[in-house]
Each structure stands twice: as structure tokens, then as C-alpha cells.
Amino acid sequence: MYKETTQYIDNKGLIKFDDNWKFTFGPIIGAEKPNFYHSSWQEIDLPHDFSIDQAYSKAGEAQSAYKLGGIGWYRKFFRIEDIKNTFIYFDGIYSDAYIYINGEFIGDHHYGYTPFIIDISSYLYEDRENLLAIRVENHIPNSRWYSGSGIYRSVYILNYDDVFVEPFTFKVDNSDLRLDKVNLSYSFKLKNTTNRQMKLKTIVSIKDKTTKDLIGLDEKNIVIEENLDIKETFPIAYPKLWDVDDPSLYEINLQILTSDKCLYEKTIDYGFSYIDKDPDLGFFLNGKATKLKAVCMHHDQGALGACDYKESIYRQLSLLKKMGANAIRITHNPGSRNLIDLCNKMGFLVIEEIFDGWVLPKNNDYNDYSLYFDKKISDDTLYMSHKYMTWAEYDLKMTIHRDYNDPSIFMYSLGNEILGGTSWIGASDYPRIGDFLIKSLREIDQKRLITIGDNVLRDWDNPIFVKIEDNITANNGLVGINYGEDDRLDQMHEDHKDWSLWVSESSSAINSRSVYDISENNETKGFELTSYDESKVGWGSLSSEARYRVISRDFVIGEAIWTGFDYLGEPTPWNGMIRGDIFGWPAPKSSYFGIIDTAGIPKDRYYFYMSQWSKENVLHILPSWNKDQVKIIDGKVRVDIYSNAKSLELFFKNENGEEESLGSKTFEKHTTKAGHSYQTVVGERGHKSLYMTWYLPYEDGTIFAKAYDENGKIIEDTICLLYTSPS
């Protein structure tokens with residue numbers, strides 16, 4: 001006999017709501033009603049992506065991995081004891097979500113990447129079960145990459161007492177860390193629903209997250225009628241600073257108490273840091289010159305689809321950290337709480353991108369968020385909304401509210417290539433839209449940097465974008481140039497002396513893993529691309545080109561490599577924006593841009609970046625020394641070595657075990673005015689001097705290398721691969 005699973009909630013605070021859902025695919029009529037019989041539906045736990053399980057289809061587009069969307073229904077029964085003030089909090093649903101409680105429609109939301117909250121207190125029964133039903137629609141085409149569909153991030157119940165701190169209102173700031181004495185400021189909105197005056201105590205404490213040492217405490221007695229805005233400041237001991245190499249965190253605890261009871265408690269992670277920027281010398285974190293060694297990241301997890309599993313995100317970030325990356329540009333949408341929390345703990349700076357485009361659809365994706373961007377919400381059913389807000393304002397502000405206290409987030413991006421792939425109709429209005437977004441953001445957050453990723457100014461000083469970037473600069477921002485190249489970056493630095501420049505999207509090298517063939521156009525048989533650093537898109541740069549461009553110019557703050565991982569969709573050079581099998585079937589379903597593939601296995605250029613970015617000893621040789629895999633040109637095989645040692649010696653061991661030295665090469669060190677260092681091969685110039693190359697006749701055997709430090713001593717503990725031909 002079918003038995004319903006009901007979640008019982010008898011505690012207060014943040015309660016995870018991910019288990020024991022029912023799901024079905026299709027436009028079901030009446031599924032929002034409590035008496036609808038759903039025993040045949042699929043039993044699932046969240047997160048859930050109903051696109052990833054669908055078959056690849058020629059009815060889809062290459063850019064979205066030939067996966068389709070559709071309509072999905074989710075249902076969950078629950079019961080709450082002692083209902084006072086209860087909210088439901090969604091971290092992200094893709095994309096059009098329609099929410100019902102006990103058969104009654106209570107709100108909708110249309111941006112698949114931003115959080116939203118609904119007060120459900122008045123819709124709930126206390127003496128019986130309640131039903132939450134959600135209809136999710138994903139109408140393609142609406143995305144330039146694989147989006148997934150459904151409730152792909154976590155859901156929470158916020159269950160509070162009569163007195164509580166309103167969600168997303170507890171905000172913490174610190175005074176100038178350049179000074180010896182430090183104050184901590186905090187604010188929150190306190191709500192009292194008892195209809196009587198109450199005398200309360202507030203306690204805010206701050207402890208080292210690791211040692212639990214207390215560095216500050218503030219206690220206040222307050223009287224509240226109905227609503228009260230609290231703003232306080234108190235001194236603390238000088239804290240350890242949060243840094244990409246040592247992400248020191250503190251726990252800040254807030255309590256609201258009566259004489260005999262704790263009515264509300266919340267603990268957040270917080271980190272202390274300060275940043276500076278200089279148009280000539282670049283970016284400084286805690287007073288130290290720092291290059292942004294960033295990667296761009298889409299949200300999918302390869303075969304897992306869009307499901308926001310913390311464990312899989314951790315695996316990705318761990319590989320990127322080992323490579324030496326210090327920043328993540330979340331592209332082209334806000335990230336999940338799981339991602340942000342991990343970046344706080346692991347020491348990644350985060351550029352959180354709020355939007356991709358604005359009011360015009362991109363790449364003929366006529367169902368994308370531009371349908372809602374400047375439209376009025378028209379009601380106030382969503383928490384923190386009002387009927388005069390646009391959807392863009394609401395989604396931007398909810399993201400800023402959610403992530404206000406996170407130490408990893410140092411910059412918000414308001415858009416990416418905002419007119420790319422559009423009709424440009426009404427483009428002259430974009431500076432006004434940009435100004436509105438900046439003002440909306442600054443209503444909440446006055447401290448973080450802002451930027452956009454722009455691909456127009458990389459070619460010429462378009463007046464629309466000059467105006468936008470001047471406004472960003474005037475509002476404490478960085479000028480982000482996607483795929484900015486040498487001469488153009490130099491010219492912009494000369495013409496706009498107040499602009500702080502960074503390459504917001506960089507490289508777009510395209511490679512397969514362990515493919516060592518190479519031809520004129522770098523494409524090999526079977527939809528494969530060479531693993532040598534010789535393959536890129538027409539608008540992009542090789543990995544070494546992009547790195548050399550940034551490290552040799554102090555005024556370029558850093559780069560965000562496109563991309564850290566391969567992602568589903570956009571399989572350039574076999575991409576397509578129209579439905580169908582343009583290049584034959586089966587066709588590639590995922591990108592080639594990643595430094596790491598969708599399975600989490602590094603490509604060869606992972607070790608190039610590791611040799612440039614990491615502090616670990618690196619020695620990596622390519623290709624594999626296998627006659628069936630190497631490309632022999634004019635009787636020789638190209639051998640590249642990525643290393644950060646002082647010098648290298650390459651050896652060949654034949655099948656009889658006899659070793660032969662093939663010669664040595666040495667790097668020389670360069671240090672810029674701002675203090676950034678890099679190495680080039682002695683006697684060589686340009687981007688290819690960042691690594692070493694030999695041309696060798698092929699013979700069965702083994703090639704290997706030895707790395708030496710500045711004193712000529714062999715470095716034993718290198719991260720390397722040894723390539724041997726098969727016996």
C-alpha cells in the first residue's frame with residue numbers, strides 16, 4: 001500500500017528541505033491540489049535536474065548540449081508545530097517557477113540563478129499536513145550554455161518565533177584594517193509579531209573559527225514595539241586577515257533573548273581583508289600586490305548536470321586550488337550558496353556575475369531572461385519585493401543581500417558581453433540601465449568593486465561602452481575587457497588613465513585531453529583538438545599568449561581564463577545556435593575550453609598554469625612518448641616541458657636502458673615594478689618562452705627530465721609525468 005512521506009518540523013531556524021519529494025515530467029493538470037494522487041510519481045531528493053536525464057536530441061541546440069527543457073512538477077508534504085513566522089527559501093530554480101501551498105498560488109519567480117523567499121505563514125495549517133507544489137517550466141531556447149531544469153539547488157524552511165531577525169538583514173562590516181584599532185559594525189531588522197512591547201537583550205560575539213578565541217563581544221538591552229532597526233559598533237581585537245593563501249575565518253554569533261529564553265540565533269562565517277587598486281600598478285590584497293589568477297566557471301557538473309552537489313563543487317575547487325588559481329569568476333550568473341561557502345573556506349576571491357545580458361535576447365534565445373529583465377513584478381508576494389520593482393532589481397538585490405557577509409566576494413559583475421549576439425536595438429539606452437543597476441547595488445553594498453565583462457572596447461572606443469565604463473570607474477569599479485590584446489590594452493591604458501583594467505575573460509584555448517596530433521587548423525579526426533598549446537578560437541589567445549600579456553603588464557590586474565572546467569554545451573568549434581545536427585550525429589555535447597575536462601581529469605595545459613601560478617615544484621612533459629600518439633613532422637616530435645624550476649635537462653633512455661642527455665635549458669627571472677615575478681627561457685622572447693621546447697627524432701624508449709634549483713641542485717619532489725613507449 002502506498003504511504004506518504006511527510007517531513008515534521010518542530011524546531012526553529014534554518015531547516016533543510018531537500019529530502020522526500022515527488023516529481024513527474026509533463027504539463028499535469030491539478031497537481032497543485034492536496035488531494036491529487038501522486039503515488040506513481042518518481043521519488044527524489046534535491047537537488048534535481050530534469051534535463052540531464054533526458055536523451056540528447058536533435059531538437060536541441062549544440063550550445064545547450066542538445067538537451068531539452070520542458071515542464072516538471074514537484075510535490076512535498078510537511079507539517080510544522082507551533083507556527084509563528086515561517087518562510088520558504090529557494091537558492092535557485094531553473095527557470096520559471098510557480099509556487100503553491102495547499103492548492104493556493106502564492107508566487108512566481110523567473111531567473112534561474114538567484115535566491116528568492118516567500119512568507120508562507122498565513123497559508124499553513126497547524127493541525128494537519130501541508131502541501132508544497134511547484135511547477136517548473138524551462139522553455140528552450142533560453143540559454144547560451146547548458147542550464148539544466150528544475151529545483152537544482154537546495155530549499156530551506158526558515159521557521160521563526162514571535163520575535164525574529166528578518167531574513168538577509170543581518171549585515172556585518174569592519175573599520176579600516178590599515179589602522180591599528182578595529183571596530184566591528186552590525187545591523188539587522190528585528191520584527192515583533194506578539195502585538196505587545198517586549199524587553200530583550202541582543203548579544204553579538206566574534207570568535208576565531210579554528211581556535212574559538214573570543215576577540216569581541218557586544219551586549220545591548222532593547223525595547224521593541226513592532227519593528228526595530230538595529231545598528232551598532234563595538235571594538236574588537238585586531239583579527240587575522242582573510243587571504244587566498246590563508247583564509248582565516250571568524251564566527252559571528254547573534255542572539256536575541258528574553259530573560260529566560262533565546263528567541264533567535266544565527267551564526268555566520270566572516271573574514272577580514274582590505275583591497276586597493278591602482279591604474280598603473282594593479283590590485284592589492286591586504287597591502288600585497290596580487291594578480292587575479294582566475295578561471296571562469298559555469299555551474300554544471302558534467303554527467304551530474306546542473307545539480308548543486310557540494311561534494312562535486314569541492315572537488316572542482318580543490319583541483320583549481322592545486323593548480324594555483326586564486327579567484328573564480330562565476331559565469332554568467334550568481335553562484336549557489338554551496339559554491340560561495342566553499343570559496344570562503346578555501347581561499348578563492350570571487351567575481352559574482354549577476355547577469356549575462358540585459359533587455360535584449362542573445363543568440364536568438366528568445367525565451368531568455370530578457371523577457372523579464374525590465375518588467376515590473378506587479379505584486380509583493382516575494383519577500384523583499386514591491387510591485388514597482390523590476391525583476392532585474394529584485395534579483396540583483398536578493399543576491400547582494402544573500403552574499404553581503406561573504407569574505408570571498410570582492411567584486412560584482414553586472415553583465416557579460418551585454419550586447420553580444422543581440423540586435424543592438426535600443427543600445428543607446430544601455431548606459432542608463434547600467435547606471436540603474438549600479439545605484440540599485442550601491443543601495444545595499446557600498447564597499448565591493450563592480451565590473452562588467454565587455455567585448456566591444458577590445459576593438460575600439462565605442463561611446464556607449466566608454467560611458468558605461470566611466471560610470472563603473474567613478475563607482476569604484478574595474479574595467480573588464482574580454483579577450484583584450486596587447487596593443488589595445490596598452491592604448492586603453494594610455495587613453496583612459498583612471499581606468500583599472502583586467503582581462504575579464506581570457507584565452508579561450510580549445511583542447512582535447514591526451515591528443516598529440518597537430519595539423520594546420522589544429523582539428524584532428526573524430527571531433528578532437530590537439531593538446532599542445534596551439535589551439536584557440538578566432539577571438540581568443542593561446543594559454544601562454546594570455547599569461548604573458550597579463551604578467552608582463554602591471555596595469556592589467558589579472559585574467560579570468562575561459563574556462564576552468566569543460567562544461568556541457570557550447571562545443572566550439574562545433575557549436576551551433578540553431579536546432580539540429582549541424583555537424584553530423586552523434587555530435588560533441590560539451591565544450592573544449594576547460595583546463596580540466598568534465599570528468600575532472602586535467603589536460604596538459606593544467607600543468608602550464610600550475611607552472612605559472614602555483615608555489616609547488618612542477619615538471620610536466622608532453623606528449624606521451626608513444627609512436628601511435630605522437631605527430632612526427634620532418635622526422636621529429638615536438639616535446640614541451642612546463643616547469644617552474646630554474647633549469648631543466650632532458651634525457652632519453654632507449655630500450656636497452658642506456659641514457660642520453662638531450663641538453664639543458666635555463667629560465668631567467670623577471671620582476672615587474674609592482675613586484676610580480678615570472679620566468680622566460682634564456683635567449684628566447686615572447687609567450688612561448690614561458691615553457692621549454694625540444695624537437696626530437698622518435699625512437700622507442702623513455703623521455704624524462706631533471707629539474708634543478710638556483711643552486712644547481714636536483715629538485716626531487718616535482719609534480720611530473722614520465723612518458724614511456726609501450727614494450
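Keep in mind that what you see is a predicted model, and the values were worked out from it rather than measured.

Chemist: Help me out: how do you make sense of a nonpolar patch on the surface in this one?
Modeler: On the surface, I578, I582 and F583 cluster together into a nonpolar patch covering about 280 Å² of accessible area. Considering the arrangement of structural elements, one finds I582 in the loop between β32 (556-562) and α8 (604-613). With a relative accessible area of 42%, I582 lands in the partly exposed category.

Chemist: Help me understand the layout of surface pockets, please; the structure alone is not making it clear to me.
Modeler: Over the atoms rolls a probe the size of a water molecule, and its path tells where empty space is left. Taken as a whole, the largest pocket spans an internal volume of roughly 1100 Å³. Lining of the largest pocket is provided by 39 residues; of these, K293, Q612, W613, S614 and K615 occupy positions nearest its centre. For the lining of the largest pocket, the elements supplying multiple residues, two or more each, are β22 (288-289), α1 (310-323), α7 (543-551), α8, β37 (659-671) and β38 (677-681). Reported here for the second largest pocket is a volume of approximately 820 Å³. Around the second largest pocket, the lining is made up of 32 residues, and of these L14, K266, T267, I268 and R337 lie nearest the centre.

Chemist: Can you help me understand the sheet that holds strand β21 (residues 282-285) in this one?
Modeler: In sheet architecture, strand pairing relies on hydrogen bonds along the backbone and comes in two forms, parallel and antiparallel. One open sheet holds the three strands; their spatial order is β20-β21-β22, and the pairing between them is antiparallel. Here the strands that pair on one side only, and so sit at the sheet edges, are β20 (275-278) and β22.

Chemist: I'm lost on the environment of D180 in this one. Help?
Modeler: Here D180 lies in the loop between β13 (171-174) and β14 (182-192). A sequence separation of 136 residues divides D180 from Q316, and the C-alpha atoms of the two residues are 38 Å apart.

Chemist: I would appreciate a short explanation of helix α5 (residues 463-474) in the present structure.
Modeler: Between its first and last C-alpha, α5 extends 16 Å over twelve residues, near the 16 Å set by a 1.5 Å rise per residue. Contacts made by the buried residues of α5 are with α4 (430-442), β27 (449-454) and β28 (479-482). Among the residues of α5, the N-terminal cap falls to N462, whose side-chain oxygen and the backbone nitrogen of I464 are separated by 2.8 Å. Following α5 by one or two positions, N476 adopts a phi angle in the positive range, close to 60 degrees.

Chemist: Looking at this model, I keep getting lost on the environment of W502. Mind explaining?
Modeler: Considering the arrangement of structural elements, one finds W502 in strand β29 (residues 501-507). Along the backbone, W502 and A560 are 58 residues apart, and their C-alpha atoms lie at a distance of 8.6 Å.

Chemist: I'm lost on empty space enclosed by the protein in this one. Help?
Modeler: Using the criterion set out here, one finds four cavities of 30 Å³ or more in the structure. One number sums up the size of the largest cavity: a volume of about 170 Å³. Surrounding the largest cavity, 18 residues form its lining, H298, H299, Q301, I313 and L339 being those nearest its centre. Top contributing element to the lining of the largest cavity by residue count: α1, with three residues. Its residues placed into classes, the lining of the largest cavity shows nine nonpolar, seven polar and two charged. Here the second largest cavity is characterised by a volume of approximately 70 Å³. Lining of the second largest cavity is provided by 13 residues; of these, S64, K67, N138, I140 and S147 occupy positions nearest its centre.

Chemist: What should I look at first to understand the pattern of salt bridges in this one?
Modeler: As a working rule, side chains carrying opposite charge can pair if their charged atoms are close by. A complete count under the given rule lists 57 salt bridges for this structure. In this structure, the salt-bridge partner of R178 is D276, at a minimum N-O distance of 2.6 Å. On the criterion of sequence distance, the pair formed by R178 in the loop between β13 and β14 and D276 in strand β20 is long-range, its members being 98 residues apart. With a relative accessible area of 30%, D276 lands in the partly exposed category. For R513, the salt bridge goes to D597, with nearest N and O atoms at 2.7 Å. A residue pair is termed long-range when its members are at least 10 positions apart, and R513 in the loop between β29 and β30 (523-524) and D597 in the loop between β32 and α8 qualify at 84 residues. Overall, D597 belongs to the buried group, its relative accessible area being 10%.

Chemist: I keep staring at the packing of helix α3 (residues 391-402) against α4 and nothing clicks. Help me out?
Modeler: For any two helices packed against each other, the geometry comes down to the angle between their axes and how far apart the axes lie. Interaxial distance between α3 and α4 falls to 9 Å at its minimum, and their mutual angle equals 35 degrees. You can see that α3 and α4 cross each other, and the crossing is right-handed. Counted together, E393, L396, K397 and I400 of α3 and F436, L437, S440 and L441 of α4 form the full contact between these two elements. Counted by class, the contact of α3 with α4 contains five nonpolar, one polar and two charged residues.

Definitions and cut-offs
Residues numbered from 1 in each chain as written. Predicted model: local features only at pLDDT ≥ 70, side-chain atom pairs only at ≥ 80, totals over all residues. Heavy atoms only, no water. Patch = residues over 30% accessible without salt bridge, like charges linked within 9 Å, V, L, I, M, F, W, Y side chains within 5 Å. Areas by Shrake-Rupley, 256 points an atom, 1.4 Å probe, with all protein chains shown as cover. Salt bridge = Lys/Arg side-chain N within 4 Å of Asp/Glu carboxyl O. Helix = DSSP H or I, 4+ residues; strand = E, 2+ residues; numbered from the N terminus. Buried < 20%, exposed > 50% of the residue type's maximum accessible area, 1.4 Å probe, protein only. 1 Å grid on protein atoms, 1.4 Å probe; cavity = no way out; pocket = protein on both sides within 12 Å on 5 of 7 lines; lining within 4 Å. Points joined across faces, edges and corners; volume = space filled by probe spheres on them. Pairing = 2+ DSSP bridges. Expected span 1.5 Å × (residues − 1). Contact = heavy atoms within 4.5 Å. Polar contact = N/O pair within 3.5 Å; in protein donor to acceptor, adjacent residues only side chain to side chain. Nonpolar A, V, L, I, M, F, W, Y, C, P; charged D, E, K, R; others polar. Axes fitted to C-alpha atoms, helices over the stretch in contact; angles between N-to-C directions. Left-handed = near helix turned anticlockwise from the far one by under 90°.

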